[in-house]
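Residue strings, one per chain:
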Amino acid sequence: MFNDWLTIGPFTVHGYGVMIAIGILMVAWLATKLCKKYGLDYENIDSFVLFVIVIGYAFSKLTYCLTVFDQFIKDPISVLGSSGWVVYGGILGGILGALIWCKWKKWDFSKYFPILIPCVALAQGFGRIGCFFAGCCGGLETHAWYGVQFPANSLAWTTSSPIIPTQLIMSAGDFLLFAFLYHNLTKGKHPEDNGAWYLMLYSAGRFAVEFIRGDLIRGGIGPFSTSQFIAIFVFVAGAYLLWHRQRKEDIK
């Protein structure tokens, strides 16, 4: 909840940025290690990670612009320069970026996806800790013992009362998801299902957490928040991938 860690002249080290950087470095390290282990192209993995991250962040910002479209039309610079992002846009954009890269480099996407998707959950775990430092993505007001009151200069949607630290809940969920996917990859019977499991489990967790999130600026569709609405389709996509693999196996 303290985002400004160190200031030297005009330069300030922010906790949010540090956590994002740690997540990226961990992804690059683990992705290289896994590609070596499973006989994939690891020499170009750093470039691959960078490409996917750039595309993912671009789609994350684009999705956010769509959720605040009226504000974007009035003042696009303020929206583009804001701290607003939509994680689902980043996830889907990252997958698209991976598909583009694999097509370009003639990599087999079906081999890389289940091996590298645990890295995404790992990065998200660190990213959500960064959210906690910055104060964004917080939960509903609460006076329970676990409530956290963020300082006035934070990005929290309210600083006048304690809120549920949903950032830490999501971070814990991301790390648990990483542990499950990594275990399934290294010791599971069907590691090829990792992509499907990621889509299903992340969406289910995000759908549930949305009920206690308080930053509703991202808007909603019917009775659901924007993220819940997207989660439904992402979950269905994951379930279809799992069903499709099982069906192919049954036919054999």
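See above for the structure.
As the structure is a computational prediction, the values presented were derived from the model and not from experiment.

Asks: Hey, could you run me through unusual backbone geometry in this one?
Replies: A negative phi holds for most residues other than glycine; trans holds for most peptide bonds. Backbone geometry places Lys-106, a non-glycine residue, at a positive phi of 60°. Along the chain, Lys-106 falls in the loop between helix H5 (87–105) and helix H6 (109–134). Unlike most non-glycine residues, Cys-137 shows phi in positive territory, near 65°. Its place among the elements puts Cys-137 in the loop between H6 and helix H7 (166–187).

Asks: Looking at this structure, I do not really get H7. What am I missing?
Replies: Residue pairs spaced three or four apart in an α-helix point in one direction, given the helix's 3.6 residues per turn. The first and last C-alpha atoms of H7 sit 31 Å apart over 22 residues, in line with the 32 Å expected at 1.5 Å per residue. Along H7, the residues classified as buried are Thr-166, Gln-167, Met-170, Ser-171, Asp-174, Leu-177, Phe-178, Leu-181, Asn-184 and Leu-185. The buried residues of H7 occupy one face: seen down the axis, they fall within an arc of 150°. Exposed residues on H7 whose side chains face more than 90 degrees from its buried face are Leu-176 and Lys-187. Tucked inside the fold, the buried residues of H7 contact helix H1 (15–37), H6 and helix H8 (194–209).

Asks: I tried to follow the nonpolar core on my own but got confused; where do I start?
Replies: Soluble globular proteins tend to pack their nonpolar side chains together in the buried interior. One finds Ile-45, Phe-48, Tyr-88, Trp-107, Leu-116 and Tyr-198 to be the most contacted residues of the largest nonpolar core, which totals 43 residues. Put simply, the parts of the chain that give this core at least two residues each are H1, helix H2 (45–67), H5, H6, H7, H8 and helix H9 (226–251). Sequence-distant contacts of Ile-45, defined by excluding residues within four places in its chain, comprise Ala-31, Thr-32, Cys-35, Trp-107 and Leu-116. Listed in part, the six residues of the second largest apolar core include Cys-131, Cys-136, Cys-137 and Met-170.

Asks: Would you take a moment to explain the environment of Lys-33 for this structure?
Replies: Mapped onto the elements, Lys-33 comes out in helix H1. Sequence separation between Lys-33 and Ile-45 is twelve residues; the distance between their C-alpha atoms is 9.9 Å.

Asks: Where do I start with the pairing of strand E1 (residues 4–8) in this structure?
Replies: As a general feature of sheets, a regular strand has side chains that alternate between the two faces. Summarising the sheet, E1 and strand E2 (residues 11–14) pair through four bridges and their orientation is antiparallel. Residue pairing for E2: Asp-4 is matched across the bridge by His-14. The hairpin formed by E1 and E2 contains two residues between the paired strands, and Gly-9 there has a positive phi angle of roughly 65°.

Asks: Teacher, can you tell me more about the pattern of salt bridges here?
Replies: Between side chains of opposite charge, a pair can form as their charged atoms come close. Evaluated as defined, the whole model comprises four salt bridges. With a closest N to O distance of 2.6 Å, Asp-193 and Arg-245 form a salt bridge. With Asp-193 in the loop between H7 and H8 and Arg-245 in helix H9, this pair connects stretches of sequence that are 52 residues apart. Both residues of the pair, Asp-193 and Arg-245, belong to the buried class. Glu-210 is the salt-bridge partner of Arg-206, the closest N and O atoms lying 2.9 Å from each other. Note on accessibility: Arg-206 and Glu-210 belong to one class, buried. Within this structure, Glu-192, Asp-193 and Arg-245 form a network of salt bridges that share partners.

Asks: Teacher, can you tell me more about the side chain of Asp-193 here?
Replies: Asp-193 gets classed as buried once you look at its relative accessible area, which sits at 4%. When neighbours within four sequence positions are excluded, Asp-193 is seen to be in contact with Leu-242 and Arg-245.

The rules behind these values
Residues numbered from 1 in each chain as written. Predicted model: local features only at pLDDT ≥ 70, side-chain atom pairs only at ≥ 80, totals over all residues. Heavy atoms only, no water. Helix = DSSP H or I, 4+ residues; strand = E, 2+ residues; numbered from the N terminus. Expected span 1.5 Å × (residues − 1). Buried < 20%, exposed > 50% of the residue type's maximum accessible area, 1.4 Å probe, protein only. Arc of directions from axis to C-beta. Contact = heavy atoms within 4.5 Å. Core = buried A, V, L, I, M, F, W, Y, C linked by side-chain atoms within 4.5 Å. Pairing = 2+ DSSP bridges. Salt bridge = Lys/Arg side-chain N within 4 Å of Asp/Glu carboxyl O.

These values are about where atoms sit, not about what they do.
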